[in-house]
Every structure is written in C-alpha cells, then in structure tokens.
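Tertiary structure, described
Residues per chain, in single letters:
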Amino acid sequence: MATNDLKIAIVGGGLAGLAAAMKIAEAGHAVDLFSVVPVKRSHSVCAQGGINGAVNTKGEGDSTWEHFDDTVYGGDFLANQPPAKAMCEMAPAIIYLFDRMGVPFSRTPEGLLDFRRFGGTKHHRTAFAGASTGQQLLYALDEQVRRYEVAGKVRKFEHWEMMSLVLDDHQVCRGLIAMDLQTLELKAFPADAVIVATGGPGLIFGKSTNSMVCTGSAVSACYQQGAKYANGEFIQVHPTSIPGEDKLRLMSESARGEGGRVWVPRKKGDTRSPSSIPENERLYFLEEKYPAYGNLVPRDIATREIFQVCLEGMGVGGGNQVYLDLTHIPADMLDRKLGAILEIYEMFVGDDPRHVPMRIFPGVHYSMGGLWVDYDQRTNIPGLLAAGECDYSIHGANRLGANSLVSCVFGGFVAAPAAIEFAKNVERNGSNGSKIYDQELQLQREINEGLIKQSGNENQYVLHQEMGQWMTDNVTVIRYNDKLKATDNKLLELMDRYKRISINDSNLWATMALPHARHLANMLELARVITLGALNRNESRGAHYKPDFPDRDDENFLKTTIAEYSGEGPVISYEPVDIGLIKPRKRDYSKGKKEAAAAAAPKQGAPQFVSSGSEQKPQNISGPVIWSQNKERVNDPLADDATRREQNKPIEDAGGKGNNS
Amino acid sequence: MSAGHEPTSRAGRTPPKSVEIHIRRRANPDSSQYWEEFEVPYRPNLNIISCLMEIQKNPVTKAGTRTTPPVWQMNCLEQVCGICTMVVNGRARQSCSALIDNLEQPIKLEPMSKFPNVRDLVVDRSQMFDHLRRVHAWIDLDGTHDLGPGPRMDQDEVQERYAYSRCMTCGCCLEACPQYDGDNYIGPQAIAQVRLFNMHPSGKMNREDRLEGIMGDDGITNCGNAQNCVKACPMSIPLTKAIYEENRETVVHGLLGWLKH
C-alpha cells in the first residue's frame, strides 16, 4: 500500500459509494467520503427483498446469460447491453463476497445460500437476508469501510453536503465544494477524481418510497455544470406501497416472490371483509391476465394493471387500493422470510398481514435515468464518475426487482478502478489554494448569502409540495403530452416563485431551511429534465406509458434520451442504444419465453380471462399477432405490442396517486 | 392521499380536532433548553414526522407567536435507518413510527439525553460509531476479489446473527440504560455487535480483538443488569443475551490470559 498519494472523493455513502470506497482504499488510495447522513443511515437500508445473481443452486438451469436476458427484456430493450451483461456476470461473485463479509443471508437445509423468486423472471435468483437485505448489505460495506477508516485510508465527512463540482478551465473535475450542515461552512475539497453515488431523486415527486435524502440535488448540480443526464423520463412506480401522510412506504416485491397474491373483489363496491369473500368471487387480475408470470410480472406492468383496476372503480372500497394477500401462507414461514416488511405494515397501518390482506397502491420508487456514463461509469466530465441509482446504465426503461442492489455494487466496483486510472493519468493542477477552488467557493457563498437575505412571501415547502403534486399527477404512470406541457409551465412558474421564497429560520445553526432551499432549486431543474424527456418521447416503453402512443416504437425511439443543461432549460438529444447482443423483441409476460415460441401465431395469444371490470386489450390489432419470446427467434420489433390496452380516460378520473383534490 | 387506510384496529374513539405537541428546544449547544407548544390540525394516520413537517411549514406556536422552525433528523421514515430517534412522551423511539393515534396528548418531544444536543431534537451520536471502531465490528476479509462463497451456516445460527445484525445504531438502548452516561460504559449496542461477529466462523478468528474492546474500565462489567435495553430496542434485538454470552467469553478470555502469564 503506502506510497500512493491519489485522493478520490466519493459523494454518497450508500451501497454504490461504499462499494467504491472499499475498493479504492483496498488498492491503497485515499478516499474522502461525503454524506448528508451518517453513511449507515443511507437510503440503501430501505431495499428489502434481495439481490439478484444467477448462482443456479436450485437446479433450474439458470445462467448469467438468462439473468442478462431477463434484465434487458424487462427493461424493454432500452439498456445498453454490454454493461448489463457485465453486471449479470459479476453478480454471483458479488453475492459470495457479501456472504464472506458475514451478511446473514437466509440458508437452505444444507447451509447454502437460499434464493427466492422476484418479478420478471422464472428463476429463483434472489439472495436475501430476511426482508431487510439492503440494510444488511449496507451494513456489511459500512463495516468494511470502517475498517479502512481505522486504517487511515478513508476520511468520512458525514453531515456534509456536496454543493457543486470544481471544474478547471478545460472542464476537468478537480474536486468539489461541500457544506457542513451544522455550521453552514462551505469548503473546497480538491480530489484527483470524484465519484457521485447519491442515489435517486424521488423527492421531486413529493411523496415516494425514497428516503428524505433522495433529492437528486447533487446530481442536478453536476447536470447544471455540464454533465449529461440520460433517460430522465424513466421513473419506476412500484406496484405495492403503503400510502402515508409523510411518505409512501415500500411493500417489497418479495411479498409476491414468496407467494403473495394481488386481488380485488369481483363485484364492484363489495363491502364484505376480505376473509368473507369466497375464492371464486375474487379477481386475481394479474394471475388471470399473465398466466406465465402471474403476480411476478415486471413492475411497470403490475403498476399499470393496479392503476387501471382502481381507475375502473374496482379498487377495494372503490378507492385507490387493492389487496396484497399473504394470509394463505403459514405465519411462521412469513415471519422467517418476510418478517421485517410485515412489521413495517403492522406498525404503520395497524393490521396484521399474516391474517388480514394488505391494502396497497403504486408509489414512485426508482429512477432508471440518471447521469450519463460510459461503460466504465465515467460521465462526460473528465474526472467525474457516477455509480448506483444516480447513473442511467443497466436498467433501460424498467428495472427488475432485486437488480438495484446488484447494480449499485457493480457500479461502485467498476467506478473505483476507473477513478484510480483517471487519477493516475491526469495532470495534477496544484494545491488547495488555487484559483478555481476560490472562485467556485465564492460562487456558492453568494448563492447561500442571497438565499439568506432574500425576502418574499413564497414558502419553499409549499413550492415543494406543489411540484410533487404536479409531477405525481402528470409524470408518473400515465402521461399525456398536453399535461406534460402544462407541468413544464408549472415548473417554470415555480422557478419564478422560488425567487421570492424566504428562509423562515432566523437561527442558521444546523438549520434545515437553507439546505432544503438549495435542494428545491436543484430538484426543479431535474423535474424539467424528467418532464421534457417524457414529452419528447412519443411512444410507450417500460415505465413510460402514453395512451396516445400505446406502442413501443423502436424505429424512432430505441435510443437514449440525453438532456444537457442550458440557461433556457434542458436541451434534448438522442443517442443509439447498444443492442449488439440480444435483438429487441416484444415483451409478453402472459407466456414464458419458451412457450411463447411455440405459440408463434395464435389468434388471441395465450388464453386470457376477460373479467367484468377489466378491459380486454383492443381486439383490432391488425394482422397475426406474433409473439416471440425466444431469443433464438426474433420477430419484428415494430409490430404492435398487443399486451397494452387503450386507456383513454384522463388521469383525473383515475383519482390517481396523490390526487386528493 | 385519498387512499382509505382507515386505522380500523384503532377505531372506536372520536378523533381529536387537533394535535398538541410540546417540544423541548435548544437553539445551539451553548444555549439552554426551553419548551414550546404547537398545535396542528388532526388527520388520521399522522405520525410525529408529519406533524413536525406541518409545523416547519409555518412555525407559529399555539399561542400564535412566530418562532423558528423546530429542527430534527429524518430519513427512511420506515424505522430502519434509526436517524429520527427522539424521546416521545418520555420514551426513546423512532419518531417516524410514533403514530399520533397511539399517543397521549399533549405529546412531549425531547432530544435524547445521553448524547450531546446539537439543536432542538438533534443529537450527536458519533460516539456509537466510535464504539463500533473500537470493538472491531467487521470481518477481516483477505480481499474483495472473488474467493467463492463464505462458510456454510446453519439457518438457526443465521437467524440469531440476523437479529443482532438488525441494529440500526439508533441509541434507544443507551438512552434507557441506567449505567450508560457518556464514557463510563460502552453499552449494549457495541456488545451485541461483538456477539454478531464472534458468532461468525470467519469473525471468530479475530474474537480476541473484539473482547479486548469491551474489557476495559468502561467495559462489559459495568452492566448493572437492569435489562432496560432489551425492552427499549425497537428491533427486538436480544441484547441481554448478547451481554450474557460476551460476559462469559470475556471471563474465559481474561482467565486464559492470566494463566498464560
């Protein structure tokens, strides 16, 4: 170790940031680690269900290629394929490494790692530690990084927030400016490379399943300093969350992975208690529409189906909720495999999900989009890398459950050597006191001082709430161009009103008001990227669904959206997707991949139950519907995607999430 | 949110019109504490955090005086990050999972008393992380390169380790412990982490480093057996079992060390 004096700054102490910190410290280099909360309290703790890796210990013939194919297929072919493949290939080793670190993964009777099923796959591929896998993985990395902290390799700056990058005259990243959240002191931190690993931007939608630190603020700062932001419009809405006053709490997909069933009463407005509704009077709409994958269809599909059922007034009690039922599973097994999440439900709702079906509704959960990176996690700004949810790679148009934990660690593991490589080769620009640091520091000071002095009648928390409401209503499950345009206008209005907010805290020591004001400005910029990306993409793909353009349009939109900052707002352009390994084919989760090949030209596809409250997909699909789910037999990717239904009702009728007006 | 999560299991009493909250405040570490009273409109399913958010938006006391917004910490809001811990009606707990419908009013919020008070409801718990460093709370990996899977393990053993591994370093056990007061006793959280790693087949190889960490003047023998910790733990971690097991380990370790001399 010893003789090296490279310094890498890492912003964010979740899974991706800690994974990178561990690797860099292990290689003998110094790390400055910045986090707005003690790293052990990062949002990664909220991941529940598990981590994917094709270890194939269940005799199901799983393989890393199958994992790769599921990932690309689930992502509706928008992901660049080489990094997705690399991730799937690294996944088993990542799981084994965590096993060696002492993560208490659940075991089989032989003492091997146990695996469960998750959405978008037919294989048991998800390793899990009870139902708090993210917490357990984060703690393992936290422990390893603490080891390097004791060894003097890692310096932690907890309760420090990155405000901006320091760029030199050639737009090379030379470090960052961070703010001490107690004293509000701003300080420049020179670094030979910077890795941003700050997670998702869920708070842009007001309430989401994300933690309160998930503002996307640091990423937005990078974007405003010239980093490209890719596929911003792809926002995953998780099918099963528990609506709350302060946030939407996640109910893990593992509940369905372990056999949980989603249903509503067949009879609209049925007021009987769920246990007194007999089996044949229940509508298991996912199982009936998607016999092959059932309750484990990918999240975008499950979310739209639940949304649609509620839109049609079929929700439980006529409201925005459906049952997620575990009551048929023995309670002791539930405790062992899902204990942690059942406790969360019990704690916040008051019902015991072992005996009463849970009531759930979709909630904003994850951003597939993020900072543009190359296959080595490098952004377009030299010296700036990104890893984890804050980068756009891997997941395409929709992320599969339990792929996020593995992508975070993978991203960190790839970013670390790439950052070291860059740092070794970059021309060093001298010391701490040099001009570029002072200039950026001055700029950030001026912004803070301006906000502190500013007086006006606008309330920053009200502006945040309005942004969240508009974004949730118009830029989530169902998107219309006129509403997207209106949302962008609203965002411009909010940006204007932002100039008249006043910091309502006269005590600046450890205040929450100034940091929030900085977040809000950055969130508004990123909200425009998300909204305009959605407006410009006139197709439906993965999580992005427009009833006016119900089909996937590979000819025009099999490409990555790139947003670049300009004074007038985001400038949108596109770049091709690397689809060199698996040719795009239509997604159809009503059948397994192999069965679909046998049913090459059915009249109606798989037998599909037409339920009373559920619109069947349109029957006027021209020509023979070609279902190809076999990677050897690829069909025309441009043919109509018959799995989607027309949904011509305006979103207000949906009484959509957060629509309490 | 219009979704109808009625608190069915808590139904049966008329909901109040408003929620009265008293907050024990402090402007900065050098100033003294004082109480302020607030009132927020009642809605079903409120928790402490949503009330604090409401106050933050428009910080006016019950008497109508404009004041500074109370400061607190929050993150996951699912009782898994531990950051929002405060003393609610006399008991240390996570404020995100403290539901208004289950609390006596007026609700009293105070910062935890065993840690330096930064401002209002915020405390500095860095001492807990210092203790994790001291007790060697990690597995000494040979490296992060691919060496295949870890040791096989019995599911029962895994479940016991899982219980210890759920500790979110929130500090409820330390707040409840009559012995813990700053630097005189390392406290149950660190001891339970010693148990977590000393149970692991690879972790065992460095068990002595961990035992040394809990054997000093402020070590495990300071436990007064009040058993408050295990009752206070929001994750139901068997803290007293960990203390019992590690006490035994340290005694044996101490004895062996004495015999060697």
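Residues numbered from 1 in each chain as written. Chains lettered and ligands numbered in written order. Predicted model: local features only at pLDDT ≥ 70, side-chain atom pairs only at ≥ 80, totals over all residues.

The helix and strand inventory of chain B stands at eight helices and seven strands. A burial count over chain B gives 49% of its 261 residues as buried. Partitioning the intrachain contacts of chain B with sequence separation of at least 6 by distance along the chain shows that 64% fall at a separation of at least 24. (Helix = DSSP H or I, 4+ residues; strand = E, 2+ residues; numbered from the N terminus. Buried ≥ 20, exposed ≤ 12 C-beta atoms within 10 Å, placed from the backbone. Contact = placed C-beta atoms within 7 Å.)

All names here are of chain A. By size, the foremost hydrophobic cluster in this structure holds 274 residues, and its most contacted members are Ile-195, Val-196 and Ala-419. Of the residues forming this core, the biggest block, 14 residues, is contributed by helix α10 (residues 403–425). For Val-196, the contacting residues outside a window of four places in its chain are Val-11, Gly-12, Ala-218, Val-219, Cys-222, Leu-371, Leu-384, Ala-386 and Cys-390. (Core = buried A, V, L, I, M, F, W, Y, C linked by C-beta atoms within 7 Å.)

Moving on, we get to the domain arrangement of chain B. Residues and elements named next belong to chain B. Examined at the domain level, chain B breaks down into domain 1 (15–123) and domain 2 (126–260). A separation of 32 Å is found between the C-alpha centroids of domain 1 and domain 2. At the interface, 12 residues of domain 1 touch 13 residues of domain 2. In terms of residues, the side of domain 1 that touches domain 2 owes the most to one element, strand β4 (residues 91–94), which gives three residues. (Domains from an automatic or database assignment.)

This brings us to the interface of chain A and chain B. Between chain A and chain B, the residue contacts involve 73 residues of the former and 66 residues of the latter. Here the side of chain A that touches chain B takes nine residues from helix α4 (residues 133–150) of chain A, the largest share from any one element. Considered class by class, the residues forming the side of chain A that touches chain B number 29 nonpolar, 26 polar and 18 charged. (Nonpolar A, V, L, I, M, F, W, Y, C, P; charged D, E, K, R; others polar.)

This paragraph deals with the sheet that holds strand β8 (residues 173–180) of chain A. Residues and elements named next belong to chain A. Strand order in the open sheet formed by three strands is β7-β8-β9, with antiparallel pairing between adjacent strands. Each having just a single partner strand, β7 (160–167) and β9 (186–190) make up the two edges of the open sheet. For this sheet, the mean angle separating the axes of adjacent strands, direction not counted, is 30°. The pairing of β7 with β8 spans seven bridges and is antiparallel. Bridge pairing in β8 places Leu-167 opposite Cys-173. Running over the sheet, helix α11 (residues 435–453) touches β7, β8 and β9 and is turned about 150° from β9. (Pairing = 2+ DSSP bridges. Axes fitted to C-alpha atoms, helices over the stretch in contact; angles between N-to-C directions.)

Before going further, it helps to examine α10(A). Counted at 1.5 Å a residue, the expected span for α10(A) with its 23 residues is 33 Å, and the 33 Å between its end C-alpha atoms agrees. Counting buried residues along α10(A), 19 of its 23 residues qualify, which places the element largely inside the surrounding structure. (Expected span 1.5 Å × (residues − 1).)

Bringing the packing of helix α3 (residues 81–100) of chain A against α10(A) into the picture now. Residues and elements named next belong to chain A. Packing of α3 against α10 brings their axes to within 10 Å, and their N-to-C directions diverge by 95°. As the angle between them shows, α3 and α10 are arranged roughly perpendicular. In this structure, α3 contributes Met-87, Met-90, Ala-91 and Ile-94 to the contact, and α10 contributes Val-406, Ser-407, Val-409 and Phe-410. Residue composition of the contact of α3 with α10, grouped by class: seven nonpolar, one polar and no charged. (Parallel < 35°, antiparallel > 145°, perpendicular 65-115°, else oblique.)

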